[in-house]
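Now for the letters of each chain:
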Amino acid sequence: YSISQERELLTFLEGKGLDKETLRSSPMPNRNVITREGLLEQNTVAWVRSCIGGLHYFSRMTRWDIAHSVSRIGQASNDPKKGSVEQLKQLAGFLNNTSAYKIRGRRVSGKDRVTTMTDSNHHGDPKFTSLSQTGVIILLNGVPVHWRSNRQPKSTLSPTESEIYALSTGVKDTRLYHWVLEEFSKVETNYPILVQTDSTGARSFQRDTCPSTKLRGCFDFRETWVAELRDKGDFRTELVSDSSNLADIFTKCLSNVEFVVRREQIINYQQSGAYETQ
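Residues numbered from 1 in each chain as written. Predicted model: local features only at pLDDT ≥ 70, side-chain atom pairs only at ≥ 80, totals over all residues. Heavy atoms only, no water.

**Q** Please provide a residue-by-residue account of the overall build of the chain, values included.
**A** Scanning the chain for helices and strands turns up nine helices and seven strands. A compact globule built from 278 residues would reach a C-alpha radius of gyration of about 19 Å, and the chain, at 19 Å, matches this within 12%. Considering only C-alpha atoms, the chain reaches an extent of 55 × 45 × 35 Å along its principal axes. Of the contacts formed within the chain by residues at least 6 apart in sequence, a portion of 76% connects residues at least 24 apart. Of the roughly 13700 Å² of accessible surface on the chain, 49% is carried by carbon and sulfur atoms. (Helix = DSSP H or I, 4+ residues; strand = E, 2+ residues; numbered from the N terminus. Rg over C-alpha atoms; globule rule 2.2 N^0.38 Å. Contact = heavy atoms within 4.5 Å. Areas by Shrake-Rupley, 256 points an atom, 1.4 Å probe, with all protein chains shown as cover.)

This is the structure in structure tokens:
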């Protein structure tokens with residue numbers, strides 16, 4: 001089974017004058033492009049904002065592979081500069097090259113499996129912002145069904161703190177997705193829900209295994225979201241390696257080679273059968 005927005009995507013690119021851009025293998029190979037200065041005319045500013053709005057739609061519906069790029073460029077929409085235009089052209093070149101992409105999956109027999117992975121990139125874009133990036137991906141039987149890439153609401157003091165915020169977001173998204181599955185009634189849901197992370201600190205925080213943690217100065221442990229995160233009846237965490245964390249593509253400005261590797265990892269995840277080992 002597959003789903004694609006190729007026709008709509010090509011129509012959008014043509015309508016914005018981006019259908020002739022040079023084909024690219026990555027939507028964002030250079031993290032410094034978007035910070036390039038250069039004032040734009042008002043018409044160009046309006047065009048940039050319109051492009052970003054359309055790209056947000058595709059990144060939320062079927063094109064998870066541009067979610068981080070669109071999130072990043074969208075944060076410059078209030079005051080776009082020359083770098084924003086260059087980034088749009090780079091992104092358009094990637095979409096022209098991959099317009100035929102489909103979210104594809106095969107029907108499986110037996111028990112359905114939901115896989116959630118979270119990641120963050122602590123202060124990983126210092127020339128652009130001091131905020132960290134959250135990445136979440138949820139897969140049903142190895143097929144992407146939900147994803148997000150967005151800036152965290154405030155600056156964090158450590159990588160562990162940013163990973164905990166990302167883990168909390170993944171927990172909320174997964175809980176909502178399980179509620180949707182329960183409404184289907186045909187899909188069996190099991191608790192505690194498993195969420196995977198590559199952060200030992202975030203896993204320890206969720207399991208409450210470090211009573212003397214210095215994070216007490218970062219979080220109010222009486223807050224509802226902390227209690228929900230630590231509810232062992234609802235959630236449990238599992239540690240995965242950085243190379244196996246599929247959410248990594250939603251948090252970092254990857255090079256061409258790194259991006260292609262990460263993208264193929266998600267595309268082939270169901271075929272690899274990795275989700276079946278949970």
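**Q** So what's going on with empty space enclosed by the protein? Residues and values would help.
**A** For the structure on display, the rule yields two cavities of 30 Å³ or more. In terms of lining, the largest cavity is formed by 13 residues, of which the most central are Pro27, His68, Ser69, Ile249 and Phe259. The element contributing the most residues to the lining of the largest cavity is helix α3 (residues 67–74), with three residues. Tallied by class, residues from the lining of the largest cavity come to eight nonpolar, three polar and two charged. (1 Å grid on protein atoms, 1.4 Å probe; cavity = no way out; pocket = protein on both sides within 12 Å on 5 of 7 lines; lining within 4 Å. Points joined across faces, edges and corners; volume = space filled by probe spheres on them. Nonpolar A, V, L, I, M, F, W, Y, C, P; charged D, E, K, R; others polar.)

**Q** How would you sum up α3? Please name residues and give values.
**A** Buried residues dominate α3, accounting for eight of its eight residues. Taken together, the buried positions of α3 are occupied by Ala67, His68, Ser69, Val70, Ser71, Arg72, Ile73 and Gly74. Looking at the buried side of α3, the elements it contacts are α2 (42–61), α4 (82–97), β4 (133–140) and β5 (143–151). (Buried < 20%, exposed > 50% of the residue type's maximum accessible area, 1.4 Å probe, protein only.)

**Q** I'd like a rundown of a nonpolar patch on the surface, residues and numbers included.
**A** A surface patch of nonpolar side chains, amounting to about 510 Å² of accessible area, comprises Leu176, Trp179, Val180, Phe184 and Tyr191. Mapped onto the fold, Val180 is located in helix α5 (residues 159–184). Exposure remark for Val180: the relative accessible area of 34% places this residue in the partly exposed category. (Patch = residues over 30% accessible without salt bridge, like charges linked within 9 Å, V, L, I, M, F, W, Y side chains within 5 Å. Salt bridge = Lys/Arg side-chain N within 4 Å of Asp/Glu carboxyl O.)

**Q** Account for the sheet that holds β4, with residues named and values stated.
**A** Overall, mixed pairing links the five strands, which are arranged β5-β4-β3-β6-β7 in an open sheet. Whereas interior strands pair on both sides, the edge strands pair on one side only; in this sheet they are β5 and β7 (235–239). Direction aside, neighbouring strands of the sheet carry axes that sit 20° apart on average. Against the sheet, α3 contacts β4 and β5, and its axis sits at roughly 25° relative to β5. (Pairing = 2+ DSSP bridges. Axes fitted to C-alpha atoms, helices over the stretch in contact; angles between N-to-C directions.)

**Q** Can you break down the environment of Ile52 residue by residue, with the values?
**A** With respect to the element layout, Ile52 can be found in helix α2. For the pair Ile52 and Leu88, spaced 36 residues apart in the sequence, the C-alpha separation amounts to 8.3 Å. Residues contacting Ile52, with those up to four places away along its chain left out, are Val70, Ile73, Gly74 and Ser77.

**Q** Give me the nonpolar core: which residues, what numbers.
**A** Ranked by size, the top nonpolar core spans 38 residues in total, and within it Trp64, Leu95, Ile137 and Phe250 carry the most contacts. Elements with a contribution of two residues or more to this core: α1 (6–15), α2, α3, α4, β4, β5 and α8 (256–267). Looking at this core element by element, the count peaks at six residues for α4. Once you skip the residues sitting within four places of it in the chain, Trp64 turns out to touch Ser59, Tyr101, Ile103, Pro144, Trp147, Ile249, Phe250, Arg263, Ile266 and Ile267. One finds Ile164, Tyr165, Leu167 and Val171 within the second-largest nonpolar core, a separate group that totals twelve residues. (Core = buried A, V, L, I, M, F, W, Y, C linked by side-chain atoms within 4.5 Å.)

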